[in-house]
Amino acid sequence: MEVMYKSTRSDQTVTASQAILKGLASDGGLFVPVTLPKLNVNIEDLKDMSYQEVAYAVMKEFLTDFTEEELKNCINKAYDKKFDTEEIAPLVKADGAYYLELFHGPTIAFKDMALSILPHLLITSAKKNNIKNDIVILTATSGDTGKAALAGFADVEHTKIIVFYPKGGVSPIQEKQMVTQKGDNTFVVGINGNFDQAQSGVKAIFGNKELEKEMNEAGYQFSSANSINIGRLVPQVVYYVYAYSKLLKEGEIENGEKINVVVPTGNFGNILAAYYAKNMGLPIDKLICASNDNKVLYDFFTTGSYDKNREFILTTSPSMDILISSNLERLIYKIAGCDDTKNKELMTSLNTTGKYDITDEMKSELVDFYGNYATEKETAEVIKEIYQQTGYIIDTHTAVAAKVYKKYKEETNDNTKAVIASTASPFKFTRSVMNAIDDKYDSKGDFELVDELSKLGNVKVPNAIEEIRSANPLHDTVCEVNEMEAVVKKFLGI
Ligand SMILES: *Cc1c(COP(=O)(O)O)cnc(C)c1O
């Protein structure tokens, strides 16, 4: 049966490949499957499947207008030697939980799980819809997404990627990761401005009809690798199914036994994927949503009131420093009984007043979710505690989840086995991680710390870090905010 995708704000309906191409619905809504598909495979049979095979079993249920050959081709190009382990997403037992390591891709963080396949899904979708233009990806980044998108699109035929970042507004390691990016189709530009200006600049370029016409004449069209694209969400459902199959295979659970899932959350994409996995029939009980000091989601789950009017706090888990969790809209739509009018009302309220309240009836649909948060102090403490007790070193984002899981167990005495989504390698946030373990490390240089971490945790320094240690910058363009469009044209030769 064909799964169609519908906007959360109107009855606009498209196929899977069209939803991937469009990213956002033209009414500003997000595309959701009209009905959530079921897993069409015996859980027992999952046990002996590779990551790629599980990926096919899951994704074919969502992307029903892709042929078997097309989808398998996308999967095989994405989950290959770019990952430093054959398992792609290994499961590590430590401290009474199972850490699902989602950081073995090219940029050692979990966004690689989706951004390594999105480019292939996009060009396949373009072909299927008879689009002859090359796809130009335009992104503004505050650090991490830019590199993950660059790595995903590098040397993918019929695509080009242009990334703008605030010069001086990202960490030295993040900047080095981006400006050393290889690939003839990659462009990295620093702007003399902040992230918001980079973001607004990109939006203005996207909205420029004149430019769109010139691009089309030259054989190009823009697209976005934004985290609300359904082509980023669907690949994330896969690793929850894979984790369950691993637990079964290793005899940690019985077939059908329910597990809990703990997710360090920002934009709500990762945990929504776990919710979709549950809806597919995977035996998941609670979805535990972990926030840092920007605890807008914790407040939402406890009160039913979403309110972004608050101070934005910079934390040591920066990828979760978010006040508007875009993907939450997909959940709101669902608990509103798939009512696009009701959802649109709430989102309009969010846009105009910065807040909305859900009804008691909607709130009762949230029983599967538990929300809590970890302060900066708690996050650092739990890194040290787990290291001292087990020798396993986790990053600051994963630590937020680990702490929230401890709070959950204390509060509920629920001892259901739990999978914790481990979203970044500790090598990506070396300084915060090492400072948490001992403040004597603070005086050392970045790469010295990398070597100390490797010794302490007894893990090899990941290639992603080794590469930038010695790599030379390949990109040196810097421009003013008002020159962004000119820079894009120059790169494209138009
Ligand atoms: C993006 C990110 C998150 C948050 O994931 P969402 O899907 O946005 O909720 C958590 N940890 C790390 C390391 C990330 O990069």
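The structure presented is a predicted model; accordingly, all values stated were derived computationally and were not measured.

Undergrad: Let's hear about the side chain of Ser 317: which residues, and what values?
TA: Locating Ser 317 in the fold gives a position in the loop between strand 12 (305-307) and helix 14 (328-335). Judged by its relative accessible area of 1%, Ser 317 falls in the buried class. Apart from the residues within four sequence positions on either side, Ser 317 is in contact with Asn 292, Thr 396, His 397 and Val 400.

Undergrad: Explain the packing of aromatic side chains to me, and be specific about the residues and the numbers.
TA: Counted according to the given criterion, the structure contains 18 aromatic pairs. Residue placement shows Lys 128 over the ring face of Phe 66; its charged tip is 5.7 Å from the ring centre.

Undergrad: Account for the site of the ligand, naming residues and giving values.
TA: Near the ligand, the surroundings consist of 14 residues, among which Lys 111, Gly 266, Asn 267, Asn 270 and Thr 423 are the closest. Asn 270 places a main-chain nitrogen or oxygen 2.9 Å from an oxygen atom of the ligand. Taking 380 Å² as the accessible area of the ligand by itself, protein coverage stands at 96%.

Undergrad: Which residues make up helix 13 (residues 296-303), and what values do they have?
TA: The set of residues buried in helix 13 consists of Val 296, Leu 297, Asp 299, Phe 300 and Phe 301. Buried residues along helix 13 sit against strand 11 (284-291), strand 12, helix 14, strand 13 (355-357), helix 16 (360-363) and strand 14 (369-373).

Undergrad: Summarise the pattern of salt bridges; cite the residues concerned and give the values.
TA: Applying the stated rule across the entire model yields 27 salt bridges. Put simply, Asp 80 and Lys 82 hold a salt bridge, and the shortest N to O gap is 3.1 Å. Since its relative accessible area comes to 33%, Asp 80 is described here as partly exposed. The closest approach of N and O atoms between Lys 407 and Glu 378, which form a salt bridge, is 3.0 Å. You can see Lys 407 sitting in helix 18 (residues 396-412) and its partner Glu 378 sitting in helix 17 (residues 376-390), a full 29 residues away along the chain. What emerges from the salt-bridge pattern is a single network uniting Asp 95, Glu 385 and Lys 406.

Undergrad: For the sheet that holds strand 14, give the residues involved together with the corresponding values.
TA: Strand order in this open sheet of six strands is 4-5-15-10-11-14, and the pairing throughout is mixed. Edge positions in the sheet fall to strand 4 (91-94) and strand 14, since each of these pairs with one other strand and no more. Between one strand and the next, the sheet's axes are offset by a mean angle of 25°, whatever the strand orientation. Both strand 10 (residues 259-264) and strand 15 (residues 418-422) contribute to a ladder of three bridges, which runs parallel. Residue Val 261 lies in a different strand from strand 15, and its bridge partner there is Val 419.

Undergrad: I'd like to hear about the environment of Ser 245, residue by residue, with values.
TA: When you line up the elements, Ser 245 lands in helix 11 (residues 230-249). You can call Ser 245 buried: its relative accessible area is 1%. Along the primary structure Ser 245 and Gly 231 are separated by 14 residues, whereas in three dimensions their C-alpha atoms are 23 Å apart. Leave out the neighbours within four places in its chain, and Ser 245 touches Leu 46 and Lys 47.

Undergrad: Got a sec to walk through the sheet that holds strand 3 (residues 31-33)? Specific residues and values, please.
TA: An order of 2-1-3 is seen for the three strands of this open sheet, with the pairing classed as antiparallel. Across the chains shown, the open sheet's two edge strands, defined by having one partner strand only, are strand 2 (13-14) and strand 3. Relative to strand 3, strand 1 (residues 5-7) runs antiparallel, the two sharing three bridges. The partner of Ser 7 across the bridge, within strand 3, is Phe 31.

Undergrad: Tell me what's going on with unusual backbone geometry, and back it up with residues and numbers.
TA: Positive phi, normally seen in glycine, also occurs at Asp 95, with a value near 55°. For Asp 95, the location among the structural elements is in the loop between strand 4 and strand 5 (97-101). Take Asp 95: its relative accessible area is 24%, and that puts it in the partly exposed class. Even without a glycine there, the phi angle at Asn 130 is positive, about 55°. The residue Asn 130 is located in the loop between helix 6 (118-128) and strand 6 (134-140) in this model. Given a relative accessible area of 59%, Asn 130 falls into the exposed group.

Undergrad: Go over the environment of Pro 462 with me, naming the residues and quoting the values.
TA: Along the chain, Pro 462 falls in the loop between helix 20 (446-457) and helix 21 (463-470). According to the relative accessible area criterion, Pro 462 is buried, its value standing at 10%. Along the backbone, Pro 462 and Asp 84 are 378 residues apart, and their C-alpha atoms lie at a distance of 8.1 Å. Residue contacts for Pro 462: discarding those within four places in its chain leaves Ile 108, Ser 425 and Phe 427.

Rules behind the numbers
- Along each chain, the written sequence defines residue order, and numbers are assigned to residues from 1.
- Side-chain atom pairs in this predicted model are given and counted only at pLDDT of 80 or more, local residue features only at pLDDT of at least 70, and totals for whole chains, interfaces and linings cover all residues.
- Based on all heavy atoms of the structure, the side-chain values leave hydrogens and waters out of the count.
- Secondary structure elements follow DSSP: runs of H or I of four or more residues count as helices, runs of E of two or more count as strands, with numbering from the N terminus.
- Residue burial is assigned from relative accessible area. The probe radius is 1.4 Å, only protein chains are included, and a residue is buried under 20% of its type maximum, exposed over 50%, and partly exposed in between.
- In what follows, a contact means two residues having at least one pair of non-hydrogen atoms within 4.5 Å.
- Two rings belonging to Phe, Tyr or Trp (six-membered ring only in the last case) form a pair when the distance between their centres is within 6.5 Å. Interplanar angles under 30 degrees mark stacking, angles over 60 mark edge-to-face geometry, and anything in between is tilted.
- Only lysine NZ and arginine CZ atoms are considered, and such an atom sits over a ring when it is within 6 Å of the ring centre and within 35 degrees of the ring normal.
- Think of it this way: one heavy atom of a residue within 4 Å of a molecule or strand is enough to make that residue near it.
- We call two N or O atoms a polar contact when they sit within 3.5 Å, provided that within protein one can donate a hydrogen and the other can accept it, with sequence-adjacent residues counted only if both atoms are side-chain atoms.
- All accessible-area figures derive from a Shrake-Rupley calculation using a 1.4 Å probe, and residue coverage is judged against the displayed protein chains alone.
- We define a salt bridge as a contact between a side-chain nitrogen of Lys or Arg and a carboxyl oxygen of Asp or Glu at a distance within 4 Å.
- Pairs of strands are assigned from DSSP output, requiring at least two bridges between the strands.
- Where helices are involved, their axes are fitted lines through C-alpha atoms of the stretch in contact, as for all axes, and angles between N-to-C directions lie from 0 to 180°.

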